[in-house]
Amino acid sequence: MRRIRSGARVPPEASGRPETPAPPEILGIPAAPGRLPVFGHLPRLARRPLQFLCGLGDFGPLVRLDLMGWHAVVATSPEAAHDVLVS
């Protein structure tokens, strides 16, 4: 919970920003490097999207991203995308 000026506490769901931890099924997937505390990987993705996404293949077939509290998994190869979509 966060505090507002009056000292009252605001529940996370009322703050407008999702405060959910990563689901357990994606915790085993390696995270992309360069995550910032609040913004996650969003600044790097916004600055140079193609370079950032092309570089993710160095970290494995599946890579986890944090985008301001939203979690995403990126398939970095056609084979990985096929495995995710078919099975």
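The preceding data block contains the structure.
Attention here is on the structure that accompanies the text. Computed from a prediction, not measured in an experiment: that's the story for all the values here. Numbering of residues starts from 1 in each chain and follows the order in which that chain's sequence is written. In view of the model being predicted, local features appear only for residues whose pLDDT reaches at least 70, and side-chain atom pairs are presented and counted only at 80 or more, with totals across whole chains, interfaces and linings using the full set of residues. Hydrogen atoms and water are omitted, and side-chain values are computed over all heavy atoms in the structure.

### A few points about the pairing of strand β3 (residues 62–67)
Two faces belong to every sheet, and in a regular strand the side chains alternate between them.
1) Next: Whether two strands pair comes down to DSSP finding at least two bridges between them. Per the convention used, a helix needs a DSSP run of H or I reaching at least four residues, while a strand needs a run of E reaching at least two, with both numbered from the N terminus. As paired strands, β3 and strand β4 (residues 70–75) are joined by 6 bridges and run antiparallel to one another. Across the sheet, the residue bridging to Asp 66 is His 71, located in β4.
2) Next: Between β3 and the antiparallel strand that follows it, β4, lie 2 residues; Met 68 among them carries a positive phi value of about 55 degrees.

### Looking at the nonpolar core
Inside soluble globular proteins, nonpolar side chains tend to come together where they are buried.
1) Next: Put simply, a nonpolar core is a bunch of buried Ala, Val, Leu, Ile, Met, Phe, Trp, Tyr and Cys residues held in one set by side-chain atoms that sit within 4.5 Å of each other. Remark: exposure states derive from per-residue accessible area (1.4 Å probe, protein chains only) relative to the maximum for the residue type, with buried under 20%, exposed over 50%, and partly exposed in between. Core analysis: the largest hydrophobic core is formed by 6 residues, namely Ala 32, Leu 45, Phe 52, Leu 56, Val 63 and Leu 65.
2) Next: Non-local contacts of Leu 65, meaning those with residues more than four positions away in its chain, are made with Ala 32, His 41, Phe 52, Leu 56, Trp 70, His 71, Ala 72 and Val 74. Throughout, a contact is declared for two residues whenever any of their heavy atoms are within 4.5 Å.

### With respect to a nonpolar patch on the surface
1) Next: Patch members must show over 30% relative accessible area and no salt bridge, and they are joined within 9 Å when carrying like charges or within 5 Å when they are nonpolar side chains of Val, Leu, Ile, Met, Phe, Trp or Tyr. Method for areas: the Shrake-Rupley scheme with a 1.4 Å probe, in which residue coverage is limited to the protein chains shown. Only one rule defines a salt bridge in this text: a Lys or Arg side-chain nitrogen within 4 Å of an Asp or Glu carboxyl oxygen. A contiguous nonpolar surface patch, about 400 Å² in accessible area, is contributed by Leu 36, Val 38, Phe 39, Leu 42 and Met 68.
2) Next: In this fold, Leu 36 is placed in the loop between β2 (9–10) and α1 (42–47).
3) Next: Residue Leu 36 is classed as partly exposed on the basis of its relative accessible area of 38%.

These figures come from the coordinates and say nothing about function on their own.
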